[in-house]
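Letter by letter, the chains look like this.
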Amino acid sequence: MRMTLRATLLFTFVLLLFVGTGFYQSWNVALTIFNMGLISAIMALGVNMQWGYAGLFNVGVMGFVALGGLGAVLVSMPPNAEAITAGGLRVLAGLSLGAATVIAAIFAYRKGGRFAGWLTAGILLAGFFLFRAVLDPGVDAIEAVNPARAGNIGGLGLPVLLSWPVGGLLAAGAAWIIGKVALGLRSDYLAIATLGIAEIVIAMMKNEDWLARGVKNVIGVPRPVPYEVDLQASESFVESVTGFGVDPVTASTIAVKLAYTGLFAVVLLVLVWLAQTALASPWGRMMRAIRDNEVAAEAMGKDVTARHLQIFILGSAVCGLAGAMMTTLDGQLTPGTYQPLRYTFLIWVMVIVGGQGNNLGAVLGGFLVWWLWVQVEPMGALLMNGITAGMADGSWLKGHLLESVAHMRLLTMGLILLLVLRFSPRGLLPER
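Let us look at the structure shown here.

Rules and cut-offs
- Residues numbered from 1 in each chain as written.
- Predicted model: local features only at pLDDT ≥ 70, side-chain atom pairs only at ≥ 80, totals over all residues.
- Heavy atoms only, no water.
- Helix = DSSP H or I, 4+ residues; strand = E, 2+ residues; numbered from the N terminus.
- Rg over C-alpha atoms; globule rule 2.2 N^0.38 Å.
- Contact = heavy atoms within 4.5 Å.
- Areas by Shrake-Rupley, 256 points an atom, 1.4 Å probe, with all protein chains shown as cover.
- Lys, Arg positive; Asp, Glu negative; His and termini not counted.
- Charge placed at Lys NZ, Arg CZ, Asp CG, Glu CD.
- Patch = residues over 30% accessible without salt bridge, like charges linked within 9 Å, V, L, I, M, F, W, Y side chains within 5 Å.
- Salt bridge = Lys/Arg side-chain N within 4 Å of Asp/Glu carboxyl O.
- Phe/Tyr/Trp six-rings, centres within 6.5 Å; stacked < 30°, edge-to-face > 60°.
- Buried < 20%, exposed > 50% of the residue type's maximum accessible area, 1.4 Å probe, protein only.
- Core = buried A, V, L, I, M, F, W, Y, C linked by side-chain atoms within 4.5 Å.

## Observations concerning the overall build of the chain
So, point 1. Helix and strand content of the chain: 18 helices and 2 strands.
So, point 2. In summary, the chain has a C-alpha radius of gyration of 25 Å against a globular reference of 22 Å for 432 residues, a match within 12%.
So, point 3. By principal-axis analysis of the C-alpha atoms, the chain measures approximately 75 × 60 × 55 Å.
So, point 4. Restricting the contact set of the chain to residue pairs at least 6 apart, pairs at least 24 apart contribute 81%.
So, point 5. Accessible surface, the chain: about 21500 Å² in total, of which carbon and sulfur atoms supply 70%.
So, point 6. Within the chain, the 22 negative side-chain charges are centred at a point lying 12 Å from the centre of the 26 positive side-chain charges.

Have a look at this one:
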């Protein structure tokens, strides 16, 4: 009962932060922050599954979020028929050859006997050069097709909502491959491995222009909601909002953001319900038993490695789903913006502050930390302007204090972490 009251009060407080933003700034700003808060809560939920359920220290969240965004592009963007005709078959053949090389190398390593090492090295070396000989001409042909506006294969042209689960599946597939390689590691070794793999994913997305234009970015990703200009051109919409005395331009932007809010909220509620149901099931109790004592769980016949791989895939799929939703909200894929500070460190702060092992705590942390991340810098500017109001213009101290506003976000996140770890080490909503 006490925990329920605490959760109610904390969620009410966070809701009041967003309502206050709407009244004192604008509802457009409040809804923009709220929508990204919904996506951040989903990311935090995915990380909480891995860390809170199984104790897996995944610091490669950024890579899975980026793969989800890539899935959104590959599914929803229209196909580039000319580029596919120019080099699509060669690229497909090259990728198939690369996969066949890896499979053959694994088979040789397992079945090669005393010559396994030499056979594996020979297969990998020959396969690499053959793979590049087939792939590279196809890539060059694709990237030469209208490089200023395209230079990539495009997508499948399917409805953008279908790209969300596909983004999750793409992240899950990558998690399976990574998990088979890296889950034998523990603690900080797993963290280093997943961080390195995430950087590899981002580097691949930046440099493989034929796939999603690299750092030239993909813009114009289809939307599951109307465009503001379409609403403004609708006579019925304009008449309905002007009847309430609301400017049609402002009303159209708010209507679009509310539509996104409804979609994202449905996804978040379904995920929370599924996560809570799973956590209360025998499977959830088994996962927590493995987390608390792997040796005892293994002695009772539980396949610890398989369960770790399972939860690693599930958590990564949720992060990939959130990444596809974020790309849809932004309307573009920009690989250069995927930074560990935003898509790994900040998500971990959300989980730690909210309460690891508690799904509602992860959601609370997602909303609270994201609101602070956005609002702290303008609030810090107001604070510093007030402090330096009486100082002489051009003084060293005044200039130093005003320049420090840019660092208020990092200072605030560090301060929040310190306070939470000191006074509530298990988070604002601890695991029950």
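## Observations concerning the side chain of Arg288
So, point 1. Turning to its location among the elements, Arg288 is positioned in helix H12 (residues 282-292).
So, point 2. Not counting the four nearest positions on each side in its chain, Arg288 is found in contact with Tyr53, Leu279, Glu431 and Arg432.

## A look at a nonpolar patch on the surface
So, point 1. Side chains of Val266, Val270, Trp273 and Leu274 sit close together on the surface and give an oily, nonpolar patch of about 410 Å² of accessible area.
So, point 2. Its place among the elements puts Leu274 in helix H11 (residues 248-280).

## Regarding the packing of aromatic side chains
So, point 1. One pass over the full model with this rule turns up 13 aromatic pairs.
So, point 2. Pairing Trp51 with Phe57 gives two aromatic rings, centres 5.8 Å apart and planes at 55 degrees, and the pair type is tilted.
So, point 3. Note on Tyr53 and Trp283: the rings are 6.3 Å apart at their centroids and 75 degrees apart in plane angle, and the pair reads as edge-to-face. Here Trp283 lies in helix H12 and Tyr53 lies in helix H2 (residues 27-54), a separation of 230 residues in the sequence.
So, point 4. Since its relative accessible area comes to 2%, Tyr53 is described here as buried.

## Notes on the nonpolar core
So, point 1. Residues Tyr338 and Val353 are the most contacted members of the largest nonpolar core, which totals 113 residues.
So, point 2. The element that contributes the greatest number of residues to this core is H2, accounting for 13 residues.
So, point 3. What Val353 contacts, discounting residues up to four positions off in sequence, is Leu368, Val369, Ile416, Leu417, Val420, Gly427 and Leu428.

## With respect to unusual backbone geometry
So, point 1. Residues other than glycine seldom take positive phi values, yet Asn146 does so here, at roughly 50 degrees.
So, point 2. Take Asn146: its relative accessible area is 43%, and that puts it in the partly exposed class.
So, point 3. Not every positive phi belongs to a glycine, and Asn217 is a case in point at roughly 70 degrees.
So, point 4. Secondary-structure assignment places Asn217 in the loop between helix H8 (209-212) and strand E1 (218-219).

## Some words on the pattern of salt bridges
So, point 1. Throughout the structure, instances matching the rule amount to 7 salt bridges.
So, point 2. Put simply, Arg288 and Glu431 hold a salt bridge, and the shortest N to O gap is 3.8 Å. Linking Arg288 in helix H12 with Glu431 in the segment after helix H18 (408-423), this pair joins segments that are 143 residues apart in sequence.
So, point 3. For Glu431, a relative accessible area of 18% corresponds to the buried category.
So, point 4. Note that Glu431 is salt-bridged to Arg291, the shortest N-O span being 3.1 Å. Of this pair, Glu431 sits in the segment after H18 while Arg291 is found in helix H12, placing the two residues 140 residues apart along the sequence.
So, point 5. For Arg291, a relative accessible area of 24% puts it in the partly exposed group.
So, point 6. Taken together, the salt bridges that share partners define one network made up of Arg288, Arg291, Asp292 and Glu431.

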